[in-house]
Amino acid sequence: MSVSMAIIGGTGVYDPNILSNIRDVTVDTPYGQVTVKVGEYQGREVAFMNRHGAGHSVPPHLINYRANIAGLKILGVKSILATAAVGSLNTAMKPGDFVFVDQFLDFTKSRVQTFFEGGEQGVIHADVTEPYCAEMRKIMAQVAEKNGLSYHQGGVYVTTEGPRFETPAEIKMYRQLGGDLVGMTSVPEVVLAREAEMCYATVCMVTNFAAGISPTNLTHQEVLDVMAENAANLRQLAMGTMALLAPDRQCTCHTALGGPIHELLKG
Ligand code: HPA
């Protein structure tokens with residue numbers, strides 16, 4: 001049975017408990033080895049990947065994003081549902097709300113953002129007019145609506161380098177530039193998924209108002225606490241979305257670049 005879907009669990013989402021018959025699967029990629037959990041959901045095989053590694057041991061700027069996305073691609077994954085804990089710069093997007101982001105602003109500094117590094121691998125300029133899969137976002141909104149969850153369809157995710165939180169001055173700048181949410185991981189994950197011609201969507205969980213908007217200093221613990229409070233809602237959303245994602249569905253994400261990733265991961 002092939003693994004057509006994956007969940008990338010971000011901060012606070014470490015437990016693949018929506019799957020049954022779970023086993024560890026290790027995949028070799030040109031960028032290193034990755035180990036994921038593979039289990040069943042409604043008779044289909046689904047991969048669960050911990051973005052930050054075992055015990056949240058890898059900080060955002062050191063995640064091997066290429067190995068992670070290449071590993072899922074090699075497994076046969078066509079659709080990735082990523083979770084992300086985020087701070088909010090938009091007072092309409094409150095702690096506990098879900099946001100199905102549709103755009104990003106990239107303020108990362110040290111991350112490789114492409115599989116294609118010239119020479120034999122070629123050069124790719126991926127189109128990211130619509131970086132997050134529109135079909136998946138629509139399905140997530142349907143599921144959120146049906147379950148009475150508080151959600152926002154669309155939002156701009158500002159990706160910072162981290163691992164520190166932001167200064168209030170930075171947050172003010174991001175707001176002026178049109179950002180709604182701030183987090184540390186969506187870029188380059190979303191960009192690599194596009195290069196790999198996979199559907200990719202992120203469900204953001206607002207865990208706090210960002211620095212200078214929040215009345216208190218930020219802590220990682222408060223982020224974890226809000227994630228834990230909303231774990232059941234997130235689980236419901238992930239299950240509902242997976243149930244509605246037909247395994248053999250066609251989407252323009254799958255043909256975005258004409259297939260150069262297959263050549264690259266072949267050997
Ligand atoms: N900033 C950056 N990343 C985050 C935040 C934040 O305020 N909250 C959760 N992840």
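Numbers given for residues are sequential positions, taken from 1 along each chain in its written order. Restriction of local features to residues with pLDDT of at least 70 applies here, the model being predicted, together with a cutoff of 80 or more for giving and counting side-chain atom pairs; totals for whole chains, interfaces and linings are based on all residues. Only heavy atoms go into the side-chain values, all of them from the structure, while hydrogens and water stay out.

Caption draft 1: Region of interest: the overall build of the chain. Working definition: helices are DSSP H or I runs of at least four residues, strands are E runs of at least two. Numbering for both runs from the N terminus. A tally of helices and strands in the chain yields seven helices and eleven strands. Radius of gyration means the value over C-alpha atoms here, while the globule rule gives 2.2 Å times the residue count to the 0.38 power. Against the globule reference of 18 Å for 267 residues, the chain gives a C-alpha radius of gyration of 17 Å, in line with a compact fold. Overall, the C-alpha framework of the chain stretches about 50 × 45 × 35 Å when taken along its three principal axes. Residue burial is assigned from relative accessible area. The probe radius is 1.4 Å, only protein chains are included, and a residue is buried under 20% of its type maximum, exposed over 50%, and partly exposed in between. Out of the 267 residues belonging to the chain, those deemed buried represent 55%. What makes two residues a contact is simply this: any of their non-hydrogen atoms within 4.5 Å. Within the chain, contacts between residues separated by at least 24 positions form 82% of all contacts whose residues are at least 6 apart in sequence.

Caption draft 2: Spatial organisation of the site of the ligand. By convention in this text, a residue qualifies as near a molecule or strand provided that one of its non-hydrogen atoms is within 4 Å of it. If you check the shell around the ligand, you find Ala-85, Val-86, Gly-87, Phe-165, Glu-166, Val-182, Gly-183, Met-184, Thr-207, Asn-208, Leu-218 and Val-223 and nothing else. Ala-85 is positioned with one of its backbone polar atoms (N or O) 3.2 Å from a nitrogen atom of the ligand. Every accessible area reported is derived by Shrake-Rupley at a probe size of 1.4 Å, with residue values counting cover from the shown protein chains alone. In the complex, 96% of the free accessible area of the ligand, which totals 260 Å², lies under the protein chains. Per-element tally for the shell around the ligand: the top contributor is strand 5 (residues 79-88), with three residues. Split into classes, the residues belonging to the shell around the ligand amount to seven nonpolar, four polar and one charged. Polar contacts here mean pairs of N or O atoms no more than 3.5 Å apart (in protein, one a potential hydrogen donor and the other a potential acceptor; neighbouring residues in sequence count only if both atoms are side-chain atoms). Residues are grouped as follows: Ala, Val, Leu, Ile, Met, Phe, Trp, Tyr, Cys and Pro are nonpolar; Asp, Glu, Lys and Arg are charged; every other residue, Gly included, is polar.

Caption draft 3: Highlighting the packing of aromatic side chains. For this analysis, a ring pair means two rings from Phe, Tyr or Trp (six-membered ring only for Trp) whose centres lie within 6.5 Å, classed as stacked if their planes differ by under 30 degrees, edge-to-face if by over 60, and tilted for the remaining angles. Counted by the stated rule, this structure contains four aromatic pairs. Considering the side-chain rings of Phe-107 and Tyr-174, the 4.8 Å spacing of their centres and the 55° angle between planes classify their relative orientation as tilted. Linking Phe-107 in strand 7 (residues 103-107) with Tyr-174 in helix 3 (residues 168-176), this pair joins segments that are 67 residues apart in sequence. For Phe-107, a relative accessible area of 28% translates into the label partly exposed.

Caption draft 4: Main features of the packing of helix 1 (residues 65-75) against helix 4 (residues 186-195). The interhelical angle for the contact between helix 1 and helix 4, taken along N-to-C directions, is 35°, at an axis separation of 9 Å. Between helix 1 and helix 4 the crossing geometry is right-handed. Residues Tyr-65, Arg-66 and Ile-69 of helix 1 touch helix 4, and the partners they reach there are Pro-188, Glu-189, Leu-192 and Ala-193. Classifying every residue of the contact of helix 1 with helix 4 gives five nonpolar, no polar and two charged. The axes are straight lines fitted to the C-alpha atoms, using for helices just the contacting stretch, and the angles between their N-to-C directions are given from 0 to 180°. Here is the rule for handedness: rotate from the far helix to the near one, and if that takes an anticlockwise turn smaller than a right angle the crossing is left-handed, while a clockwise turn gives right-handed.

Caption draft 5: Summary view of the pairing of strand 4 (residues 44-50). Burial analysis of strand 4 places six of its seven residues in the buried class, which makes it a mostly covered element. Strand pairing is assigned whenever DSSP identifies at least 2 bridges connecting the two strands. The sheet contact formed by strand 1 (residues 3-9) and strand 4 spans six bridges and is parallel. Pairing of Val-3 across the sheet is with Glu-45, part of strand 4. For strand 3 (residues 32-41) and strand 4, the ladder comprises five bridges, and the chain directions are antiparallel. Across the sheet, Val-38 pairs through a bridge with Ala-47, a residue of strand 4. Linkage of strand 3 to strand 4, two consecutive antiparallel strands, is achieved through a turn of two residues, within which Gln-42 is found at a positive phi near 50°.

Caption draft 6: Representation of the pattern of salt bridges. The term salt bridge refers to a side-chain nitrogen of Lys or Arg lying within 4 Å of a carboxyl oxygen of Asp or Glu. Enumeration over the complete set of coordinates arrives at eight salt bridges. Of the charged contacts in the structure, one is a salt bridge between Lys-37 and Asp-24, with a shortest N-O distance of 2.9 Å. You can see Lys-37 sitting in strand 3 and its partner Asp-24 sitting in strand 2 (residues 20-29), a full 13 residues away along the chain. Overall, Lys-37 belongs to the partly exposed group, its relative accessible area being 32%. Measuring nitrogen to oxygen at the nearest pair gives 3.1 Å for the salt bridge that ties Arg-249 to Glu-135. In this pair, Arg-249 is assigned in the loop between helix 6 (231-244) and helix 7 (260-265) and Glu-135 in helix 2 (residues 134-146), connecting sequence segments 114 residues apart. The class for Arg-249 is buried, based on a relative accessible area of 10%.

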